[in-house]
Amino acid sequence: MGAAAVISLAEVREQKQRAQIRRQLHEQFDQWLDTVEEQVKEPKPTLAQLTQAVWALRQELTGQLTTALIEQRYGTEQEQHHAPCPQCGRQVAARAVVPRKVETLVGEVELARPYFYCVPCRQGFAPLDAALGVAPGRKQFDVQQAAAKLAVEVPYETAQDLLQELSGVGLSTARMHELTNTVAAGLSVLDVTPPRQEILAKIAAVAEGRRWRPIGVLAIDGADLPTRPEAAKGRRPGRKKHRAKRAPWQGEWREAKGFRFYLVEDDRIIHLLSWHQSQDHEELFAALRQVKEVGLIPEDQLRLCVVADGAHWIWQGVQQLFPTAEMILDYYHCAERVHQVATAHYSEQPEQALEWVEATMARLFAGEVAGVIWGLQRLRPASAQATAAIDDLLVYLQNNHARINYRSQRRAGYPLGSGGIESANKFICQVRLKRSGAWWYVANSNHMLALRCAKYNGTFEHVFERYRHKVLEQSQQKNVKK
Ligand SMILES: [Zn+2]
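Given the structure is predicted, the values throughout are model-derived calculations rather than measurements.

Rules and cut-offs
- Residue positions are given per chain, counted from 1 along the sequence in the order it is written.
- Where local features are concerned, this predicted model is filtered to residues with pLDDT of at least 70; where side-chain atom pairs are given and counted, the filter is 80 or more; whole-chain, interface and lining totals use all residues.
- Water and hydrogen atoms play no part in the side-chain values, which are based on all heavy atoms of the structure.
- A run of DSSP states H or I qualifies as a helix once it reaches four residues; a run of E qualifies as a strand once it reaches two. Both are numbered from the N-terminal end.
- A radius of gyration in this sense is built from C-alpha atoms; the matching globule rule multiplies 2.2 Å by the number of residues raised to 0.38.
- Between two residues, a contact is recorded if the distance between any of their heavy atoms is within 4.5 Å.
- For the accessible areas, the method is Shrake-Rupley and the probe is 1.4 Å, while residue cover comes only from the protein chains on display.
- We treat Lys and Arg as the positive residues and Asp and Glu as the negative residues; His and chain ends play no part in the count.
- To locate a charge, take NZ of a lysine, CZ of an arginine, CG of an aspartate or CD of a glutamate.
- Each salt bridge in this description consists of a side-chain nitrogen of Lys or Arg and a carboxyl oxygen of Asp or Glu lying within 4 Å of one another.
- Exposed residues in this analysis have more than 50% of their type's maximum accessible area, buried residues have under 20%, and partly exposed residues fall in between, with area computed by a 1.4 Å probe over protein chains only.
- Two strands pair under a simple rule: DSSP has to find at least two bridges between them.
- Lines fitted to C-alpha atoms define the axes here, with helix axes fitted over just the stretch in contact, and angles between the N-to-C directions of these axes take values from 0 to 180 degrees.
- Comment on the angle field: the value is read as roughly parallel under 35 degrees, roughly antiparallel over 145, roughly perpendicular from 65 to 115, and oblique elsewhere.
- The sense of a crossing depends on the near helix, which, turned anticlockwise from the far helix by less than a right angle, makes the crossing left-handed and, turned clockwise, makes it right-handed.
- Residue polarity is assigned by list, with Asp, Glu, Lys and Arg as charged and Ala, Val, Leu, Ile, Met, Phe, Trp, Tyr, Cys and Pro as nonpolar; anything else, Gly included, falls into the polar class.
- Here a pair means two rings of Phe, Tyr or Trp (six-membered ring of Trp) with centres within 6.5 Å. Their orientation is stacked below 30 degrees between planes, edge-to-face above 60, and tilted elsewhere.
- Values of pLDDT, ranging from 0 to 100, describe the predictor's confidence in every residue of the model.
- Among the buried residues, those of types Ala, Val, Leu, Ile, Met, Phe, Trp, Tyr and Cys that are joined through side-chain atoms within 4.5 Å form a nonpolar core.
- Like-charged residues within 9 Å of one another, or nonpolar side chains (Val, Leu, Ile, Met, Phe, Trp, Tyr) within 5 Å, are grouped into patches, provided each residue has over 30% relative accessible area and no salt bridge.
- For Na, K and Ca the donor cutoff is 3.2 Å, while for all other metals N, O and S atoms count as donors only within 2.8 Å; water does not appear among the atoms, so some sites may look incomplete.
- Between 85 and 135 degrees for all angles marks four donors as tetrahedral; over 155 degrees for opposite donors together with 65 to 115 for all other angles marks four donors as square planar and six as octahedral; every other arrangement is irregular.
- Each residue after the first adds 1.5 Å to the expected span of a helix.
- Here, the arc refers to the directions that run from the helix axis to the C-beta atoms.

In this section: the overall build of the protein. Scanning the protein from terminus to terminus reveals 20 helices and 10 strands. A globule of 482 residues ought to have a C-alpha radius of gyration of about 23 Å, yet the protein, at 31 Å, is considerably larger. For the protein, the spread of C-alpha atoms along the principal axes amounts to about 100 × 60 × 55 Å. Taking all contacts inside the protein whose residues are at least 6 apart in sequence as the whole, residues at least 24 apart take part in 70%. When the accessible area of the protein is evaluated, it comes to approximately 26400 Å², of which 52% is carbon and sulfur surface. The average position of the 61 basic charges and that of the 54 acidic charges among the side chains of the protein differ by 4 Å.

What follows is the structure, given as structure tokens:
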């Protein structure tokens, strides 16, 4: 009986508090409306004039609303008189209510919460901050996420402008720069790949109603990125174009190597996962091995093929990891090589050059590699340049003999070209990283690439969550260590 009475008393108190907060909110809303109305002088404003006034003041309202909601849910915590020290567990008395203002996408939110200080541990703490998952510093995680998302798409200066314009929250380019690097720090291929179930579902959707297992493609390729040496450190990002003229360092083009898995359904490409980094081939294959080992690519459910150019290291690595996959020498890379010979050898006779290219490609398409090699060996080179081109092509065809079976590969439904990786290269690497005047530190370019892969793979939110957890964990540990 007594206990029931206590509960109902607490309930009554809570209801009273709720009603009070509501009243307070209604009053605030009235005031806000007054302000909006004051702003709109015209008796018959246009829609644009009205929305402009509301837009300019919206965060005042939504920020206050959020503050009230916190008060409503955390009334007990806000009136807390004692709290255990996170380090020694001693009960500590509240010092005072310290208001803390934080910036969110819905405006400034005021956290009025008691502050505690454990003297023996020399540690200050605010339990409400931990309960709410408040980010250290002023800019909250929603702002950070929006900023990171923008910075992954467009240059930092543009990202800053867009964020300011669209959300009303400012964040310096230096802070954005630091943010993307922190979010991406330590990301590995498995952090940015979608979960296995998602990949399996995509495969199942393509397989449905078909006699054959779907074709899965692994394409490997590189793209050149503008990088700068570590020695260039100390210069602020931005305005590189002008500084570069006087800069003592020289930009360098480095290859970002990457791979992409995708499905081919009729003429459509269905993306599974991508991973691109400025890395050597051992690192690339280490990442590929990780993907294989966790079973992200169910080889028993696919007809797997590998499409790549003639680079020896690619085929060597692929052979070890996916020995049963169909190996396809990229048709277009191959055609380019053939064209080079034609240009060098038939430089004066463009018609003959074209004829020769067509005949050679037709024979290669039919799988007559030996015949083409035989013919090449009997060409009488017209120049030293032609000799070199012919020798190159001979080596190339001899090395890739087993991977040129275009007609039967096409009949089996395999793609002959690695257009799938070229578009990924363009989207992941070039669109954001290849911009006039931008030279990247390798570590930063890898961070950006990892985030762009995450975006492309549909795992950006997941990556940001990982970052959020890490920051909150660190801030708590920091509190404990102090
Ligand atoms: Zn303590």
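Within this structure, the stated rule accounts for 16 salt bridges. Residue Lys257 is joined to Glu255 by a salt bridge in which the shortest nitrogen-to-oxygen separation is 3.1 Å. With a relative accessible area of 35%, Glu255 lands in the partly exposed category. Here Glu465 makes a salt bridge to Arg468, at a shortest N to O gap of 3.0 Å. With a gap of three residues between them, Glu465 and Arg468 both fall in helix H20 (residues 460-481), about one helical turn apart. In this structure Glu465 comes out as partly exposed when scored by relative accessible area, which is 32%. On the accessibility criterion, Arg468 (23% relative accessible area) is partly exposed. Residues joined in a network through salt bridges with shared partners are Glu103, Glu108, Arg138 and Lys139.

For the rest of this paragraph, the subject is the pairing of strand S7 (residues 268-278). On any regular strand, side chains alternate: one points to one face of the sheet, the next to the other face. Counting buried positions along S7 yields nine of 11 residues, so the element is predominantly enclosed. Bridge count between strand S6 (residues 252-265) and S7: 10 bridges; the pairing is antiparallel. Bridge pairing links Ala256 to Ser278 in S7. A loop of two residues connects S6 with S7, the two strands running antiparallel in sequence, and Asp266 in this loop sits at a positive phi of about 50 degrees.

Here we come to the packing of helix H15 (residues 369-377) against helix H16 (residues 384-400). Contact pair H15 / H16: the axes reach a minimum separation of 10 Å and the direction vectors enclose 160 degrees. In this view, H15 runs roughly antiparallel relative to H16, as classed from their interaxial angle. The interaxial crossing formed by H15 with H16 has left-handed handedness. Of the residues in H16, those in contact with Val369, Val372, Ile373, Leu376 and Gln377 of H15 are Ile390, Leu393, Leu394, Leu397 and Gln398. For the contact of H15 with H16, the residue count by class is eight nonpolar, two polar and no charged.

This model, assessed by the stated rule, comprises 13 aromatic pairs. Relative to Trp32, the ring of Phe29 has its centre 6.0 Å away and its plane inclined at 15 degrees; by these criteria the two rings are stacked. Of the two residues, Phe29 and Trp32 are both situated in helix H1 (residues 2-39); the distance of three residues between them amounts to about one turn of the helix. You can call Phe29 partly exposed: its relative accessible area is 37%. By relative accessible area, Trp32 is classed as buried at 10%.

Before going further, it helps to examine the confidence of the model for the protein. Residue-level pLDDT values for the protein average 89, and 94% of them are 70 or greater. Element-level mean pLDDT values for the protein span from 50 in helix H10 (residues 240-246) up to 97 in helix H8 (residues 189-192).

Turning our eyes to something else, we now look at the environment of Leu179. Tracing the backbone through its elements, the reader meets Leu179 in helix H7 (residues 173-184). Residue Leu179 is classed as buried on the basis of its relative accessible area, which comes to 1%. Residues Leu179 and Leu393 lie 214 residues apart in sequence; the distance between their C-alpha atoms is 48 Å. If sequence neighbours within four positions are ignored, Leu179 has contacts with Gln144, Ala147, Ala148, Leu171 and Tyr467.

Turning our eyes to something else, we now look at unusual backbone geometry. One non-glycine residue, Arg122, lies in the positive phi region at around 50 degrees. Structurally, Arg122 can be placed in the loop between strand S3 (107-118) and strand S4 (123-125).

Another point: the environment of Arg410. Of note, Arg410 is situated in helix H17 (residues 406-411). Placed 45 residues apart in sequence, Arg410 and Phe365 show a C-alpha to C-alpha distance of 9.5 Å. Residues in contact with Arg410, not counting those within four places in the same chain, are Phe365 and Leu416.

Now for the nonpolar core. Within the largest apolar cluster, 70 residues are counted, with the highest numbers of intra-cluster contacts made by Ile220, Phe259, Phe261 and Leu288. Every residue in contact with Phe261, bar those within four places of it in the chain, is listed here: Val217, Leu218, His271, Leu272, Leu273, Leu288, Val291, Ile297, Leu304 and Phe322. One finds Trp356, Leu364, Val369 and Ala389 within the second-largest nonpolar core, a separate group that totals 39 residues.

A cluster of acidic residues, Glu27, Asp30, Asp34, Glu37 and Glu38, forms a negative patch at the surface. One can find Asp34 in helix H1.

Coordination sphere of the zinc ion, protein contribution only: Cys85 (SG), Cys88 (SG), Cys118 (SG) and Cys121 (SG), at 2.3 Å. One can describe the site at the zinc ion as tetrahedral: its four donor atoms subtend angles covering 105 to 114 degrees at the metal.

Our focus in this paragraph is helix H14 (residues 350-365). Between its first and last C-alpha atoms H14 spans 22 Å; for 16 residues at 1.5 Å apiece the expected length is 22 Å, and the two agree. By the burial criterion, the buried members of H14 are Ala353, Trp356, Val357, Thr360, Met361 and Leu364. Viewed along the axis of H14, the buried residues span an arc of 125 degrees, placing them on a single side of the element. Along H14, the residues that are exposed and aim more than 90 degrees away from the buried face are Glu351, Glu355 and Glu358. Where H14 is buried, its residues touch helix H13 (331-345), H15, H16 and H17.

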